[in-house]
Each structure stands twice: as C-alpha cells, then as structure tokens.
Amino acid sequence: MLSISINKHLPSSPYLVTSLPGPRAREIIERDRAVTSPSYTRDYPLVVSRGEGCMVEDVDGNVFLDMTAGIAVTATGHAHPDVVQAIQTQASKLIHMSGTDFYYKPMVELAEKLAAHVEFPGGARVFFTNSGTESNEGAIKLARYYTKRSLIIAFLGAFHGRTYGAMSLTGSKAVQRAGFGPLVPGVTHIPYGTHASLDYLEKQLFPAMLPPHEVAAIVVEPIQGEGGYVVPEDGFLQRIREICDRYGILMVVDEVQSGMGRTGRLFAIEHWGVTPDIITTAKGIASGLPLGAILARSEIMTWPPGSHATTFGGNPVACAAGLATLELLAGGLMRNATEMGELLQAGLVKLHQQFPRVSLPRGKGLMVAVDLLDDQGSLDRELRDRILQAAFLRGLLLLGCGKAAIRFCPPLVIDSEQVETALEIFASVLAEV
C-alpha cells in the first residue's frame, strides 16, 4: 500500500466534541445568512476552520472524515505540505503579473507538463482559466472559431457550469436554468451514455433537424459528475469519436470533475483509449487554488491574440500549486486512487448485500457513487438527503449527486483505514435511517 507523508496534526478519524452545529458554527452561519447570496447550496451546517489530508476541523473543534474533497478539488488532500511549500515559495516571489500580457516560468512549465501528457496528434496547446465553467466557455468559443460551425451537442444529466455558455450545455437540474433565459442558442441535448441515444442522434436528429456538417462539437463527460457519477455503456465514447471523425465534428471531453487523477488516470477518458480534440479541466488541477485549463490539439488552438484572454487564469501561485499537484499525482496518488477505489467499491458491494435499498456501486478509482432506493426499487431522494445529514452528525462528510445518489470523492491521499472508517459510519447510518 502506498505510504503518504502528511503532516498529521488532526486525528485520522472523526472526533466530535460538541453537538452539531456547535456554538461558533451557529454564529458564523447566522452572519453568513445576513450577507451572502442565497444561491449558495449548503447540504449541512459545516463551518470549516482547517484541514489536513482527508480530515477537516470545524470552528468548534469537531473533526470530520472528508469524502468530498471540497467537491473533488483537493486531490492531494487538504494542505498537503508539498503544495503548501510551492504556494509559499511562489507567493514570496510573484503573486500576479497576468499571463495574458506577460510571461512567467510557472505558467510555461505547467503548460509543458500538461501538453506532454496528452497524446494529441501534432501536439497540444494550453489555455489557462480560473474554473471549470470558464474552461467550458472557452471550449465553446474555440470549437466554433475553428470549425466555423455553430451547433453543439450535449447530454441530459450533464453539468458543465453555470455561466451562460456552460449553462447552455448543462442539462442537470432545471433550477440551474430557470429564470435565466434566453440561453446560448444552437445547443441540442440527447440522453447520456447509451448506444440507443447515439442511434437517435444518427438516425433521427441528423436527417431531420440537426445537419451534422453544421455541428461544431459534441461535448461529453467521460463519467458524468453532477449527473450521478454515471459510467457510459461500453463503446459509447469510442462511437462518439467515430461520429466526430466522420463529420468533422470536434470531440470535447469535460474532465473538470473526473480528471486530475481521480479515476486512477490523469484523465478519465484514458480508460477508454479515446483521444479527444479538446479537454477541459479544473477542480483538482491545483489542489484547491482556482485554476482550470483547456487542452487542445495544436492545429485547433489557432485563435489570434486578443480573441480570448483572462486576467487571472494561469496565476503564478496557482500554477506553482498545479506543478506540485502533478508531481504528487504521478508519484503515487493515481495508483492510490485505483487501489483505494477498489477497496471502497468492494465495501459498498457488501453494504448493498446487507441493505438492498443501496444500489451496487459504480465509478472508477475514487469517483464512486451509489443510489438510494425506496421499497419498490425507485430512486429515493428523500432517503438520500436524510443519510447525508445523519452521516454529518457522525463526522462523515458526503455529497449527493444525480437524482438520489451519494458520491464518494475523497482526497486521493486517503488510506485503507480511512476507507474502512467511512464504510463503517455509512453502514451505521444505513442501519438507523
């Protein structure tokens, strides 16, 4: 088993000292409600003070086992010492200069390492962003610019962000669109993950209403994230590649949640042996600092100076964190994601056998989910939400996704004892709820 060096000031399992939320947490929550946007979604009243590895401590001294990684962001764990050192060293030299107008070494180095990893014919170029939604916005622009086409195909259940272009691709929840129309035109959604869906595209939509030679891109998550950690049918992604090749359409793969080692590979698409034309990423790329990227075949990324830019994307401190993150991923964390993911799924299979209202697990690496079902076998969102709350009260942080799924996306530094602890707490919650 991989040995991971983390500066452990916090215990490696939950340790609760107050009722939840504690008095300090309640005070901050009340202050928050008075001044912050009501659009934020908070699943339970957690007020974090600090974190180390897979553990976080709230402002009242309660310690939690984090199976969320800040929504799959802290890939190398909370405050990994190597990442912290890289941030501190870079911040002492240069915090900002804007890569849009000037040059600095961390941005070039990170672009080189990312470009070297993807096996694009003719090489790759990289554009740095601040987030996943910004990466997807840029991918839309780039695909339309390169192909001189306007139409885009996306998928039901997809989540690509909440800014206008990305929101127009998103097909996850109506609340994310309600009241914000009109959206960016030219986007058509089809069901995700099945050959029946691609049959519908080719046999019904292309002949009747969606001329394939006017389609700029098909935008797809290799594993749907917010949509429920849905893994597609065998051959689905390969078939999208073939359709794109046949009609000159660009295949854009959204790796914002599935990328950066989470599935045991740097990018999840590698599991299927498919080479896309454009990859978008963010979340785990800098272990918590705001950074995203668009990776494209060099022949595609030909937009001229000034056509697309960003003040903060590729910030030198964020890039330094990204370089440290890539080194840690290659140094063992991707292998650990595979090993711990197998252990996690094996444990969840046992829980399915014990609690039939928990589905069999699905996913790859440490991107794993189960559905919660009612007595008739239908998805039970209310039960899922009760379980999330009950787990929090026992010191286990989990997140929902899809219609009634619970996702397990811990930091990639998680060890076998912490996986077993998470399974034990989850089992105790299921037994009660």
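Structure report, in brief. Owing to the predicted nature of the structure, the values given are computational and were not obtained by experimental measurement.

### Here we look at the overall build of the protein
- From N to C terminus, the protein includes eleven helices and 15 strands.
- Against the 2.2 N^0.38 benchmark of 22 Å for 433 residues, the protein shows a C-alpha radius of gyration of 21 Å, consistent with a compact globule.
- Referenced to the eigenvectors of the C-alpha coordinate spread, the extents of the protein come out at roughly 60 × 60 × 45 Å.
- Buried residues in the protein amount to 56% of all 433 residues.
- Sequence separation of 24 or more characterises 73% of the internal contacts of the protein that already satisfy a separation of 6 or more.
- Of the roughly 18,400 Å² of accessible surface on the protein, 54% is carried by carbon and sulfur atoms.
- The positive charge centre, built from 37 side chains, and the negative charge centre, built from 44, are 3 Å apart in the protein.

### Details of the pairing of strand β8 (residues 250–254)
- Extensive coverage of β8 is indicated by the burial of five of its five residues.
- In β8, alternate side chains face the same way, and those of L250, V252 and D254 on one face and M251 and V253 on the other are all buried.
- Where strand β7 (residues 215–220) meets β8, four bridges bridge the pair, whose relative direction is parallel. Pairing of V220 across the sheet is with V253, part of β8.
- This β-α-β element, β7 to helix α8 (residues 236–247) to β8, shows right-handed connectivity.
- In the sheet, β8 pairs with strand β9 (residues 278–281) via three bridges, with the strands oriented parallel. Across the sheet, the residue bridging to V252 is I278, located in β9.

### A short note on the sheet that holds strand β6 (residues 187–190)
- Pairing is mixed in the open sheet, where seven strands are placed in the order β4-β10-β9-β8-β7-β5-β6. Because the sheet does not close on itself, it has two edges, and the strands there are β4 (124–129) and β6. Ignoring which end each strand starts from, the neighbouring axes of this sheet average 20° apart.
- Strand contacts of helix α7 (residues 195–208): β5 (151–155), β6 and β7, with the helix running at about 135° to β6, the strand carrying the most contacts.

### Comments concerning the nonpolar core
- Within the largest apolar cluster, 103 residues are counted, with the highest numbers of intra-cluster contacts made by I240, F408 and F426.
- Here this core gets 15 residues from one element, more than from any other, and that element is helix α9 (residues 316–354).
- Dropping the residues within four chain positions of it, F426 is found in contact with L348, L351, V370, I387, L396, L398, I406 and F408.
- Judged by nonpolar contacts, the second largest core, of 19 residues, contains A143, L169, A217 and I294.

### Points about the pairing of β9
- By the alternation rule, side chains of β9 split into I278 and T280 and I279 and T281, which are all buried.
- By the bridge criterion, four bridges tie β9 to strand β10 (residues 292–297) in an arrangement that is antiparallel. What sits directly across from I278, in β10, is A296.

### Points about the pattern of salt bridges
- Under the defined criterion, the tally for this structure stands at 21 salt bridges.
- R50 is paired through a salt bridge with E57; the nearest N and O atoms lie 2.5 Å apart.
- Owing to a relative accessible area of 15%, E57 belongs among the buried residues under this scheme.
- Among the salt bridges present, the one from D199 reaches R239, with a minimum N-O distance of 2.5 Å. One end of the pair, D199, is in helix α7; the other, R239, is in helix α8, with 40 residues separating them in the sequence.
- Judged by relative accessible area, which is 28%, D199 ranks as partly exposed.
- Connected through salt bridges with shared partners, the residues D199, E202, R239, E242 and R246 form a single ionic network.

### Describing helix α10 (residues 381–393)
- Helix length check: α10, at 13 residues, gives a terminal C-alpha distance of 19 Å against a target of 18 Å (1.5 Å per residue), a fit within 8%.
- The set of residues buried in α10 consists of L383, R384, I387, L388, A390, A391 and F392.
- If you follow the buried residues of α10, they end up packed against β3 (63–66), β13 (396–397), β14 (399–401), β15 (405–408) and α11 (416–432).
- At the N-terminal end of α10, a side-chain oxygen is found 3.3 Å from the backbone nitrogen of E382, two or three residues along, and the residue is D380.
- In the segment just after α10, G395 is the residue with positive phi, at about 90°.

### A closer look at the packing of helix α3 (residues 81–91) against α9
- Put simply, α3 and α9 touch, their axes get as near as 8 Å, and they point 150° apart. Of the possible angle classes, the one that applies to α3 and α9 is roughly antiparallel. Handedness of the α3/α9 crossing: right-handed. Along its contact with α3, which presents D82, V83, A86, I87, Q90 and A91, the element α9 presents P316, V317, A320, A321, A324, T325 and L328.
- By residue class, the composition of the contact of α3 with α9 is ten nonpolar, two polar and one charged.

The rules behind the values
Residues numbered from 1 in each chain as written. Predicted model: local features only at pLDDT ≥ 70, side-chain atom pairs only at ≥ 80, totals over all residues. Heavy atoms only, no water. Helix = DSSP H or I, 4+ residues; strand = E, 2+ residues; numbered from the N terminus. Rg over C-alpha atoms; globule rule 2.2 N^0.38 Å. Buried < 20%, exposed > 50% of the residue type's maximum accessible area, 1.4 Å probe, protein only. Contact = heavy atoms within 4.5 Å. Areas by Shrake-Rupley, 256 points an atom, 1.4 Å probe, with all protein chains shown as cover. Lys, Arg positive; Asp, Glu negative; His and termini not counted. Charge placed at Lys NZ, Arg CZ, Asp CG, Glu CD. Pairing = 2+ DSSP bridges. Right-handed = clockwise from strand over helix to strand, strands pointing away. Axes fitted to C-alpha atoms, helices over the stretch in contact; angles between N-to-C directions. Core = buried A, V, L, I, M, F, W, Y, C linked by side-chain atoms within 4.5 Å. Salt bridge = Lys/Arg side-chain N within 4 Å of Asp/Glu carboxyl O. Expected span 1.5 Å × (residues − 1). Polar contact = N/O pair within 3.5 Å; in protein donor to acceptor, adjacent residues only side chain to side chain. Parallel < 35°, antiparallel > 145°, perpendicular 65-115°, else oblique. Left-handed = near helix turned anticlockwise from the far one by under 90°. Nonpolar A, V, L, I, M, F, W, Y, C, P; charged D, E, K, R; others polar.

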